[in-house]
Amino acid sequence: MAICGDEQKHINRKIVVCGDYQCGKTSLLNVMTTGYFGQLYEPAVFDCHYRDATIDGQEVGVSMVDTKSTDEHEHSCGVHFSNAHVILMCFAVDNRESLDNIMYRWLDIVQEYRPNVKIVLVALKCDLRDDEATIMKLQQINQHPVLYEEGLATARSINAVRYLECSAKHNRGVNECFEQAAKVAMSGKYRLLRKNQCRSLCS
Amino acid sequence: MVATYDWVEIIDPQSKDTFFANPLATLQMTGECLWQRPETGTTKPEDPEGDWWELWDENNQLPYYYNTLTGSTEWVRPENKVIIPLMKIQQNSSIGKRMSDILSAHNDAPNFQDQKGSVPLEHQQRSPSDVSNPSAQPNTTSFEATPSVNVKRHSRSLDLPVSDMKDSEWSGIRHQRSNSDTISKDIPSVAATPFMEVSTSPGLAPEPLASALPASPSTGNSSIFGIALGRKQPFGARKQSLRGIEQLPETTRSTKPARQSQFPLSRASIESAFQSLTKSYRSNSTPNVSKNIETKPLPKRSISPISEPVVNTEAAAAMNPLNQANHDAVPPIPPPHAKKDIPTLPVNLQREITQFAIDGFAQKYFSTHKKGLFRRKVPREKMLQWTKDSIKQPLMILNKDLHKDALKSFKLIQMIMGDRSRPRNSSANEDLQWLCNCGITKGQMRDEIYVQVCKQLNNNPNSWSVLKGWEILCVITITFPPSKNLESYLDEFVKQHHTVTDNKMDVMSRHVSSKLERICTRGAKGKVLTFAEIERAKDAPFKPSVFGESLEFIMEQQASTTDMDIPKIVPFLANMVLDLNGLYSEGIFRVPGDADDVTELRIRIENGRYDAAGVTDPNVPASLLKYWLRDLAEPLIFTEFYESCIKHSENIDQAIEVIRQLPEVNRRIVLYLADFLTKFTDPESTKLTRMNVNNLAMVFAPNFLRCPYESLTQVFENSKWEQAFLRTLIENAPLLHENL
């Protein structure tokens, strides 16, 4: 006869990725799920990846949702936010605007659809920090790639739970990013970012 | 009991296999079973009344007795019967084990009959008189071998092929229904459908069944059962069993207790049976159970010992705060005199009506203000009238931490309206921005701000101040909506001014009405308006916009200035994109234009200046074009056609059919845009823009079609088809031309 409680309750967690156009959300998810980095230029379709993981000894089904950044998809983005456990806000280090938009655009949208959700700030394309061409290009408009400290400061100001850095192209920090996001999604309590919790996984 | 035979023929109730056991041998040895009829020794002839088997209940460590014909079980050894001791077989052989499980799976059924009481079945006469014995059972937490089985065992039910059962419980049940004639007469029928629905929900552990059962073999009387059930709880019933019983009011209210108790029990039993179904072959009894439920005659309601719930609407209404609100919320106001042909009401009467509308709201949501030495209550009418003084308390009941904001907002409103002198270095627009921000971020403040403005517009002696007040309304009605509670009152308040011609109030109030309707469906804006936007909002009543309006209205508007057959903003923006080298700029339509530039261009167009000067980025007009489409009062392809678009997303003929049904303006715009987008699918262009037809279709789909659904799965599912529809349109643009 069936013994009650022998089956472990299956836990599902939903991670939604958002951020400016072309900051590498889809690439990040592609590498996270398939390990393949594609060079295709394609605005993402709403994609849902599913992956099983063991976080702190517990089986978790993690679904990762990719969103489109264009204005007209804001609503459908919001629909996804509304039941997310954690939101990965992404920006590209070679695009300062994408970092600014975290504050000015994405935070607003997230707040509207899902206030008080746990946010993880992710810096993407970290390999471009050392890329000569990128540095040159940014220098022409009197800019430099976004620094770790700057990202961290933004993370603090938006009350992010974690600040992570990774490069999908070189597959650096991607798995850690996934793990951390899943962990945050699992953790019940809402914790603020403290100094020792930030990690630079890339550098 | 002296055995006069060596072998007993046993039919495995589950597999229908016949095997032979030697009970005597089992007493001495480990139990002996044969599949073939043994050659030596005598075989016990079948008893017409059914054989009695002695089986072992592991949980209570007691033997019990099972009748193969009636399926009943007894704690007490039946007298004058031939008893086949199968305890050893049960304990030692796998067949025996399974058998005991099967028996236990029958457990649920007898209860119905026992408690029913109305059907005198044979087993009731045989039911043990000793109540204490089974009542030792409540500790049973597993339902294995609980000896309360007295299911009518008819071979047919047990004959059901196992595979059939496993396939789905439903097929099994259906099967059983057709076979159910044997006992259908004396078993009451209970509406099975709602019940079955409940029963399919997983998650109820088998325990409730077992713990709910023990009382039953002994009772056999419906009236006792109710008590027994109640009493049992303190004993051994686990929480789960409580759950089962808690279900009771939902399904079985107003039936007699015996029946009430059947429900949770049988529910539990079916569930547990289903559970076991999935696990092993044990659940042969499931169809029995369900059949029993289905076929029982309805119990007589007249003898119900528990009074049925009486519907007392008055009391319910009195206790329900929501209802109270609803009673008042229907304002018995005569239909608003919005139409032009109705003569204006006398000012006094009009005022009274206004008063009434706002007053109804005030009564419910306003805080009480007290004043003077004796702290007398300030009458509501007073609170709702223009004042040049500041207020000492928010008008509405607000959280403590918002009081300061409320007082500040009132001061600002007075300043904007010119009722209070303004400190230097401050501007009305800044104050308006503060109000907007306050409303966007603090939900509670929204109504407070609306009410404060209404208050200041009420009985205001200064016409300049009134004008400014309406301007505030113009601005805040495109920024945040009032709450649902206030909505109807505010609407009423605004409508009352539709007929007031002095001070251009009719124009303004109409504008505010339409904006109010829009903001209520769309929700608050995310961003605070810029100064330019605020200025624009103030002018909006007198300079109609091309944004956020219906196409019909836009065409009417431009009819005097141009003879173009589509809104001129469309070709203007499209040409701007092309002029600014949009055909060869990477990520055109995907990359958003700079937000400030887009707003600037929008304001420019709203003010009637179709002027491309100063814009260098093709993404700015591209973004604005998409925004204009999205912002139309009605989607370009009407919502009523949404479904057919999704359905025929890849069929151009059907798509043409849909588009043909649209009004002419919409059709022309669709054509124009399809043409326009085709230019971007040129391979030369896609090489640089990297926006192939799929990408373009995806970006433009939500601008053409608006998904009317809120649910995640629908939005998710449909976005694919929306994209496909757009792709069909773009790829077949020449075909569209021919056919439209």
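Residues numbered from 1 in each chain as written. Chains lettered and ligands numbered in written order. Predicted model: local features only at pLDDT ≥ 70, side-chain atom pairs only at ≥ 80, totals over all residues. Heavy atoms only, no water.

### Observations concerning the overall build of chain B
- Helices and strands together make up the secondary structure of chain B, namely 39 helices and nine strands.
- Taken across its 740 residues, chain B has 52% of its residues classed as buried.
- Surface exposure of chain B reaches about 34200 Å², of which carbon and sulfur atoms provide 52%. (Helix = DSSP H or I, 4+ residues; strand = E, 2+ residues; numbered from the N terminus. Buried < 20%, exposed > 50% of the residue type's maximum accessible area, 1.4 Å probe, protein only. Areas by Shrake-Rupley, 256 points an atom, 1.4 Å probe, with all protein chains shown as cover.)

### Focus: the overall build of chain A
- For chain A, the count of helices and strands is six helices and six strands.
- Expressed as a percentage of contacts within chain A between residues at least 6 apart in sequence, the contacts between residues at least 24 apart total 75%. (Contact = heavy atoms within 4.5 Å.)

### Side note on the sheet that holds strand 7 (residues 83-85) of chain B
Residues and elements named next belong to chain B.
- The strand order across the open sheet built from four strands is 6-5-4-7, with neighbouring strands paired in mixed fashion. Whereas interior strands pair on both sides, the edge strands pair on one side only; in this sheet they are strand 6 (73-74) and strand 7.
- Pairing of strand 4 (residues 52-57) with strand 7 involves three bridges; the strand directions are parallel. Its bridge partner lying in strand 7, W52 is registered against I83. (Pairing = 2+ DSSP bridges.)

### What to know about the pattern of salt bridges
All names here are of chain B.
- For the structure shown, the criterion picks out 21 salt bridges over all chains.
- Residue D631 pairs with R518 through a salt bridge whose shortest N-O separation is 3.1 Å. One end of the pair, D631, is in helix 32 (residues 619-631); the other, R518, is in helix 27 (residues 505-522), and 113 residues separate them in sequence.
- Residue classification places D631 among the buried residues on the basis of a relative accessible area of 10%.
- Linking E717 and K720 is a salt bridge whose minimum nitrogen-to-oxygen distance equals 3.6 Å. Of this pair, E717 and K720 both sit in helix 38 (residues 712-731), three residues apart, roughly one helical turn. (Salt bridge = Lys/Arg side-chain N within 4 Å of Asp/Glu carboxyl O.)

### Points about the packing of aromatic side chains
- Overall, the coordinates contain twelve aromatic pairs over all chains when judged by the stated rule.
- Pairing F589 of chain B with F700 of chain B gives two aromatic rings, centres 4.9 Å apart and planes at 70 degrees, and the pair type is edge-to-face. Residue F589 of chain B is found in the loop between helix 30 (569-579) and helix 31 (595-606), and its partner F700 of chain B is found in helix 37 (residues 693-704); the two are separated by 111 residues along the sequence.
- By the ring-pair criterion, three or more aromatic residues cluster together here, those being F589, F676, F680, F700 and F704 of chain B.
- Over the aromatic face of F178 of chain A sits the side chain of R51 of chain A, whose NZ or CZ is 4.0 Å from the ring centroid.
- Sitting above the plane of the W106 of chain A ring, R105 of chain A keeps its charged end 4.6 Å from the centroid. (Phe/Tyr/Trp six-rings, centres within 6.5 Å; stacked < 30°, edge-to-face > 60°. Lys NZ or Arg CZ within 6 Å of the ring centre and 35° of its normal.)

### Looking at the packing of helix 24 (residues 443-457) of chain B against helix 25 (residues 463-476) of chain B
Residues and elements named next belong to chain B.
- At a closest axis distance of 9 Å, the pairing of helix 24 and helix 25 adopts a crossing angle of 160 degrees. By the angle between their axes, helix 24 is roughly antiparallel relative to helix 25. In the packing of helix 24 onto helix 25, the handedness of the crossing is left-handed. Of the residues in helix 25, those in contact with I449, Y450, V453 and L457 of helix 24 are V466, G469, W470, I472, L473 and I476.
- Class assignment of the residues belonging to the contact of helix 24 with helix 25 gives a composition of nine nonpolar, one polar and no charged. (Axes fitted to C-alpha atoms, helices over the stretch in contact; angles between N-to-C directions. Parallel < 35°, antiparallel > 145°, perpendicular 65-115°, else oblique. Left-handed = near helix turned anticlockwise from the far one by under 90°. Nonpolar A, V, L, I, M, F, W, Y, C, P; charged D, E, K, R; others polar.)

### Here we look at the side chain of S623 of chain B
Residue and element names in this part refer to chain B.
- Here S623 shows up in helix 32.
- Given a relative accessible area of 6%, S623 falls into the buried group.
- In this structure, S623 is in contact with V591, P592, G593 and V598, ignoring residues within four places of it in sequence.

### With respect to the confidence of the model for chain A
- Predicted confidence across chain A gives a mean pLDDT of 81, with 84% of residues reaching 70 or more.
- Low pLDDT (under 50) marks residues 1-7 of chain A, which in the prediction has ten contacts with non-local residues, meaning those over four places away or in another chain. (pLDDT = per-residue confidence, 0-100.)

### Re the packing of helix 25 of chain B against helix 28 (residues 531-539) of chain B
All names here are of chain B.
- Across the interface, helix 25 lies against helix 28 with an axial gap of 8 Å and an inter-helix angle of 120 degrees. Relative to helix 28, the element helix 25 lies oblique. By crossing handedness, the relation of helix 25 to helix 28 is classed as right-handed. Mapping the contact onto sequence places E471, C474 and V475 in helix 25 and I534, A537 and K538 in helix 28.
- Here the residues of the contact of helix 25 with helix 28 sort into four nonpolar, no polar and two charged.

### Quick word on unusual backbone geometry
Residue and element names in this part refer to chain A.
- If you check the backbone angles, K125 has positive phi at about 60 degrees while not being a glycine.
- With respect to the element layout, K125 can be found in the loop between strand 5 (118-124) and helix 4 (132-140).
- K125 gets classed as partly exposed once you look at its relative accessible area, which sits at 27%.
- Positioned with a positive phi, N142 is a non-glycine residue whose angle comes to about 60 degrees.
- Topologically, N142 is positioned in the loop between helix 4 and helix 5 (148-157).
- Of the residues examined, N142 reaches a relative accessible area of 74% and is grouped as exposed.

### Considerations on the pairing of strand 4 of chain B
Residues and elements named next belong to chain B.
- The buried fraction of strand 4 is high, at six of six residues.
- Burial along strand 4 is two-sided: the residues W52, E54 and W56 and W53, L55 and D57 are all buried.
- Connecting strand 4 to the antiparallel partner strand 5 (residues 62-67) that follows it, the hairpin turn spans four residues, and Q61 within it adopts a positive phi of roughly 55 degrees.

### Topic: the environment of F493 of chain B
- Relative to the helices and strands, F493 of chain B resides in helix 26 (residues 484-495).
- With 35 residues separating them in the primary sequence, F493 of chain B and N458 of chain B have C-alpha atoms 9.8 Å apart.

### Observations concerning the nonpolar core
Residue and element names in this part refer to chain B.
- In terms of nonpolar packing, the biggest core is built from 64 residues, with F589, W628 and F704 touching the most fellow members.
- Of all the elements, helix 35 (residues 664-678) adds the most residues to this core, at eight residues.
- Setting aside residues no more than four positions away along its own chain, F704 makes contact with L629, P635, L636, I637, V670, L673, L726 and L729.
- Residues M383, L435, C454 and V466 belong to the second largest nonpolar core, which totals 47 residues. (Core = buried A, V, L, I, M, F, W, Y, C linked by side-chain atoms within 4.5 Å.)

### So, helix 26 of chain B
- Its twelve residues place the ends of helix 26 of chain B 17 Å apart at the C-alpha level, agreeing with the 16 Å of an ideal helix rising 1.5 Å per residue.
- By the burial criterion, the buried members of helix 26 of chain B are L486, Y489, L490, E492, F493 and V494 of chain B. (Expected span 1.5 Å × (residues − 1).)

### Re the confidence of the model for chain B
Residue and element names in this part refer to chain B.
- Mean pLDDT over chain B works out to 69, with 57% of the residues at or above the 70 mark.
- Predicted confidence is poor over residues 26-30, with pLDDT under 50, and the contacts of this stretch with residues over four places away or in other chains come to nine contacts.
- Of the regions scoring below 50 in pLDDT, residues 321-341 engages in 24 contacts with residues more than four places distant in sequence or in other chains.
- Our summary of model confidence lists the complex with pTM equal to 0.58 and ipTM equal to 0.78.

### As for the environment of V453 of chain B
Residues and elements named next belong to chain B.
- Mapped onto the secondary structure, V453 falls in helix 24.
- Separated by 19 residues in sequence, V453 and I472 have C-alpha atoms that sit 7.7 Å apart.
- Those residues in contact with V453 that lie beyond four places of it in its chain are I413, G469, I472, L473 and I476.

### A few points about a negative patch on the surface
- A contiguous patch of negative charge, built from E97 and D100 of chain A together with D594, D596 and D597 of chain B, is present on the exposed surface.
- Residue assignment for the negative patch shows that the elements contributing at least two residues are helix 3 (96-113) of chain A together with helix 31 of chain B.
- Locating D100 of chain A in the fold gives a position in helix 3.
- The class for D100 of chain A is partly exposed, based on a relative accessible area of 37%. (Patch = residues over 30% accessible without salt bridge, like charges linked within 9 Å, V, L, I, M, F, W, Y side chains within 5 Å. Lys, Arg positive; Asp, Glu negative; His and termini not counted. Charge placed at Lys NZ, Arg CZ, Asp CG, Glu CD.)

### Topic: the state of the cysteines
All names here are of chain A.
- By the definition in use, this model includes zero disulfides over all chains.
- Unpaired in terms of disulfides, C23 finds its nearest cysteine sulfur in C90, a separation of 5.2 Å.
- Residue class for C90 comes out buried when judged on its relative accessible area of 0%. (Disulfide = S-S within 2.5 Å.)

### With respect to the pairing of strand 3 (residues 58-66) of chain A
Residue and element names in this part refer to chain A.
- The element strand 3 is largely enclosed, with a buried count of seven among its nine residues.
- Here strand 1 (residues 11-19) runs beside strand 3; their pairing, made up of six bridges, is parallel. Counted as the bridge partner of R13 is V62 from strand 3.

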